[in-house]
Amino acid sequence: MIDKPIETVMRQSKRDILIPADLVATVNEDNNLQHAFLVLTKVKYAKIPVLDNNNHFKGLISLSMITEQMLLDTGITTRPLDSMKIKEIMQKDVPTIYERENLEVILRHLVNENFIPYVDHDNKFLGIITRRELFKEINFLAHNFSKRYVALPVYHEKTVSQSAAQ
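Residues numbered from 1 in each chain as written. Predicted model: local features only at pLDDT ≥ 70, side-chain atom pairs only at ≥ 80, totals over all residues. Heavy atoms only, no water.

## Things to note about the overall build of the protein chain
Move 1: The secondary structure content of the protein chain amounts to eight helices and eight strands.
Move 2: Relative to the 2.2 N^0.38 estimate, which gives 15 Å for 166 residues, the radius of gyration of the protein chain is 22 Å and therefore markedly larger than a compact globule would have.
Move 3: For the protein chain, with 166 residues in total, the buried portion stands at 35%.
Move 4: Across the protein chain, contacts joining residues at least 24 apart in sequence account for 58% of those joining residues at least 6 apart.
Move 5: By element, 52% of the accessible surface of the protein chain is carried by carbon and sulfur atoms, the whole surface being about 11,000 Å². (Helix = DSSP H or I, 4+ residues; strand = E, 2+ residues; numbered from the N terminus. Rg over C-alpha atoms; globule rule 2.2 N^0.38 Å. Buried < 20%, exposed > 50% of the residue type's maximum accessible area, 1.4 Å probe, protein only. Contact = heavy atoms within 4.5 Å. Areas by Shrake-Rupley, 256 points an atom, 1.4 Å probe, with all protein chains shown as cover.)

## Observations concerning the packing of aromatic side chains
Move 1: Applying the stated rule across the entire model yields one aromatic pair.
Move 2: Considering the side-chain rings of Phe57 and Phe125, the 6.3 Å spacing of their centres and the 25 degrees angle between planes classify their relative orientation as stacked. One end of the pair, Phe57, is in strand E4 (residues 57-62); the other, Phe125, is in strand E8 (residues 125-130), with 68 residues separating them in the sequence. This pair shows no difference in class: Phe57 is buried, exactly as Phe125 is. (Phe/Tyr/Trp six-rings, centres within 6.5 Å; stacked < 30°, edge-to-face > 60°.)

## Comments concerning the pattern of salt bridges
Opposite charge on two side chains makes pairing possible when the charged atoms of those side chains draw close.
Move 1: This structure, assessed with the given rule, holds four salt bridges.
Move 2: A salt bridge links Asp30 to Lys87; the nearest nitrogen and oxygen atoms lie 2.7 Å apart. Of this pair, Asp30 sits in the loop between strand E2 (27-28) and helix H2 (33-43) while Lys87 sits in helix H5 (residues 86-89); the two residues are 57 residues apart in sequence, bridging distant segments of the chain.
Move 3: Taking relative accessible area as the criterion, Lys87 reaches 35% and is therefore assigned partly exposed.
Move 4: In this structure, Lys136 and Glu133 form a salt bridge, with 3.2 Å as the shortest nitrogen-oxygen distance. (Salt bridge = Lys/Arg side-chain N within 4 Å of Asp/Glu carboxyl O.)

## So, empty space enclosed by the protein
Move 1: Throughout the structure, instances matching the rule amount to one cavity of 30 Å³ or more.
Move 2: Considering only enclosed or pocket space, the largest cavity measures out at about 50 Å³ in volume.
Move 3: The class makeup of the residues in the lining of the largest cavity is six nonpolar, two polar and one charged. (1 Å grid on protein atoms, 1.4 Å probe; cavity = no way out; pocket = protein on both sides within 12 Å on 5 of 7 lines; lining within 4 Å. Points joined across faces, edges and corners; volume = space filled by probe spheres on them. Nonpolar A, V, L, I, M, F, W, Y, C, P; charged D, E, K, R; others polar.)

## Quick look at the pairing of strand E3 (residues 47-51)
Move 1: When you tally the buried positions in E3, you get four out of five residues, the bulk of the element.
Move 2: In this structure, E2 lies alongside E3, joined through two bridges in parallel fashion. When the sheet's bridge partners are listed, Val27 is paired in E3 with Val50.
Move 3: Here E3 folds back onto E4, and the loop between the two strands holds five residues, one of which, Asn55, carries a positive phi near 65 degrees. (Pairing = 2+ DSSP bridges.)

All we've got here are geometric facts, nothing functional implied.
Spelled out as structure tokens, the structure:
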């Protein structure tokens, strides 16, 4: 559980850690891999969300997933990219978040991922929360904590009893 003083200061920031869906590069699950390859190359991201026709989150697609399909025993080819659909190779077991106020869950997911998809309870894609945006909030915390709180060191029992004996 996040300490209340830490959470209180982080919530004072006027910044929103959510990058809304309309600002996030996405692809449709029915697009071919060539389309996904072009989008990923153009936006310079390694991984992006995959949606269905109703903007429901379906998974993630990455450059490495696509390039794996291009590798043959005899070399590299782009031929499979025209005929294969994104939904055939995308990562489907992706953690998502429904409550953007739950900083503890967000922190836990962003330890291993660059971003976490934010969806509603019907799995409609609403945006992403990135590790970068969360670090900006931690930076805010680091520079503003002492404006509201005084941090005192915590002494363990052993340390206190040792000090009393001296």
